[in-house]
Structures are given as C-alpha cells and as structure tokens.
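Given next are the chains, with one letter for each unit.
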Amino acid sequence: METDALFGPGLGDSHQSLLLQLKRLGPLTRGDLGRLLGLAPATVREHLQSLAVSGLVERHGSRRSRRGRPEVVYRLAKRAEALFPRREAEVLADLARYLGQRGCGELVSEFITAQIASWRSAVLPRVARLQGRERAVEVARIFTEQGYMAVASSDDGVTVLRLCHCPIAGLVAVTDAPCRAEAEVAEELLGVALVRTEHLAQGGRSCSYAARGEWVRP
C-alpha cells in the first residue's frame, strides 16, 4: 500500500515509512529502523527527533544490543494513531441507523444525552461565576476540548458561539438528536436562550448560536 494512501500530504516519504514500521512491528530502536528502511543512523536520528517534536513518536525505554550497549527504543505516540484509518464514526452511524430501523431510535437519544451528561456536570463549575464575553470564551474552550473547534465572537453587538467542526458528523447524518443535545448544553453553559443561525448539516460554515438581549455586550 502506498504510504500517501494512508497519511495523505504533509509528511515526507521517510517519515511515513518510519511510522508504518513502528505501527506494524511495534517499538523499535534507531538501529532497527535504519536496517528496515535502509537509512543512515544520522538520518534516522533526525527523522525521530522531528517526529518526536510533532508528538508522533516517543521514547519507550531501552534495549541492549548484541554488543551489550543499550539502545533507546521508540514507539508511536498516542497522537499518531489518528493518522491511521479508523471507522468508529461510520460504525456508530450504522449502529444508530440499525436501531432506528428497528424502532429503538429513542435509545440513541438516551445514549447521546447520557454521553453529554458525563462531561457537562464536570464543566458547569467552570462557568458558574463568569458572565458576558468571559463566559462565552470559556464555553468555547469547553466545546473545543470536546472536538468542536469552537470560537466566541461578536457580530453587531450580538455574542455568537460558533462550532466550526462536528466530531460526530456521521451520527448527525442519521439523527438530529446530537444537534438538539448540543443546543441544550450550549444554552445551559452560557446561561441564556440561544438561536441557531447556521448549521453545518445544512451546508453552513459552522453550527452558530446567537444570544440577544440578556448578554452583556463584549
């Protein structure tokens, strides 16, 4: 398989090949990688340093070579796993569709509500004493932590919360339950009634929520 088919643009061929070896064979030393890839030790060291700075590889102890000299062992960092093919979103959407077709769609809504509740209660204290712009910025930070790439801004005196990415877009294509839950938790965190002005699922650039009147102008 061509490495570009897995990683796409952004990583050089040698970097991609190195990551693939660590994925297929597990933790390896610089010597192991040099032999597998036909690269000079200095080149392997440079690539590993670059990948470590990017958070894609990390040290994993040491191993003694045949000559008795310990060598540093490297492995994929957790962040690197996101580079490889994954199907969780597709399978989750298929599961929601399967349950809906069998009259169990309400279970999907209950699951989403419970999933949001698992982090909502933990973050509510972070905004309880905040107001206005300060509260909006903290809410955006909370949604970003959940994968929504959120930003808070002001349009003509109206404070707007924009969710620029949907981490569960596959599920949203099957049910609107996540959208309803998302709006409810946004209102609760912000402490004001919201109006959705844009929707990713309908071709918008973001899922945007505006609050009028009750909010202190930034």
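Cut-offs used in this document
- Residues numbered from 1 in each chain as written.
- Predicted model: local features only at pLDDT ≥ 70, side-chain atom pairs only at ≥ 80, totals over all residues.
- Heavy atoms only, no water.
- Helix = DSSP H or I, 4+ residues; strand = E, 2+ residues; numbered from the N terminus.
- Buried < 20%, exposed > 50% of the residue type's maximum accessible area, 1.4 Å probe, protein only.
- Contact = heavy atoms within 4.5 Å.
- Areas by Shrake-Rupley, 256 points an atom, 1.4 Å probe, with all protein chains shown as cover.
- pLDDT = per-residue confidence, 0-100.
- Pairing = 2+ DSSP bridges.
- Salt bridge = Lys/Arg side-chain N within 4 Å of Asp/Glu carboxyl O.
- Phe/Tyr/Trp six-rings, centres within 6.5 Å; stacked < 30°, edge-to-face > 60°.
- Expected span 1.5 Å × (residues − 1).

I would appreciate a short explanation of the overall build of the protein in the present structure.
A tally of helices and strands in the protein yields nine helices and seven strands. In the protein, which comprises 218 residues, the share counted as buried stands at 37%. Contacts spanning at least 24 positions in sequence make up 46% of the contacts within the protein whose residues lie at least 6 apart. Surface accessibility of the protein: about 13,300 Å² in total, with carbon and sulfur atoms responsible for 50%.

Whenever I open this one, the confidence of the model for the protein confuses me. Can you help?
Do not read the predicted coordinates in detail wherever pLDDT is low. Looking at the protein, the pLDDT average stands at 86 and 89% of residues meet or exceed 70. Here residues 214-218 is modelled with pLDDT under 50, and outside its nearest four sequence neighbours on either side it reaches 14 contacts, counting other chains as well.

Any chance you could explain the sheet that holds strand β2 (residues 57-64) here in plain terms?
Hydrogen bonding along the main chain pairs the strands of a sheet, whether they run parallel or antiparallel. Reading across from one edge, β1-β3-β2 is the order of the three strands in this open sheet, with antiparallel pairing throughout. The open sheet has two edge strands, β1 (28-29) and β2, and neither has a second partner. Sheet analysis places β2 next to strand β3 (residues 70-76), joined by six bridges and oriented antiparallel. Within β3, the residue paired with E58 across the bridge is R75.

I keep staring at the pattern of salt bridges and nothing clicks. Help me out?
One side chain can pair with another of opposite charge once the charged atoms of both are near each other. Under the definition given, this model contains 12 salt bridges. One salt bridge connects R35 with D32, and the closest N-O pair in it is separated by 2.9 Å. Note that R35 and D32 are positioned in helix α3 (residues 30-37) at a spacing of three residues, about one turn of the helix. Here R87 and E90 are joined by a salt bridge, their closest N and O atoms 2.8 Å apart. Looking at R87, the relative accessible area reads 49%, which means it is partly exposed. Residue classification places E90 among the partly exposed residues on the basis of a relative accessible area of 43%. Counted as one network, the salt bridges with shared partners bring together R126, E138, R141 and E145.

Can you help me understand the packing of aromatic side chains in this one?
Under the criterion given, the structure shown has two aromatic pairs. A centroid spacing of 6.0 Å and a plane angle of 80 degrees characterise the contact between W119 and F143, whose relative ring orientation is edge-to-face. Pair noted here: W119 is in helix α6 (residues 105-127) and F143 is in helix α7 (residues 132-145), with a separation of 24 residues, a long-range link. A residue is classified by how much of its surface remains accessible, and W119, at 10% relative accessible area, is buried. Of the residues examined, F143 reaches a relative accessible area of 1% and is grouped as buried.

Would you mind showing me how to read α7 here?
What sets the pattern is the α-helix's 3.6 residues per turn: residues three or four places apart point alike. Taking 1.5 Å of rise per residue, 14 residues should cover 20 Å, and α7 covers 20 Å from first to last C-alpha, within 8% of that figure. Considered for burial, the residues of α7 that qualify are G132, R135, A136, E138, V139, A140, I142 and F143. Positive phi shows up at G147, right after α7, with a value of about 100 degrees.

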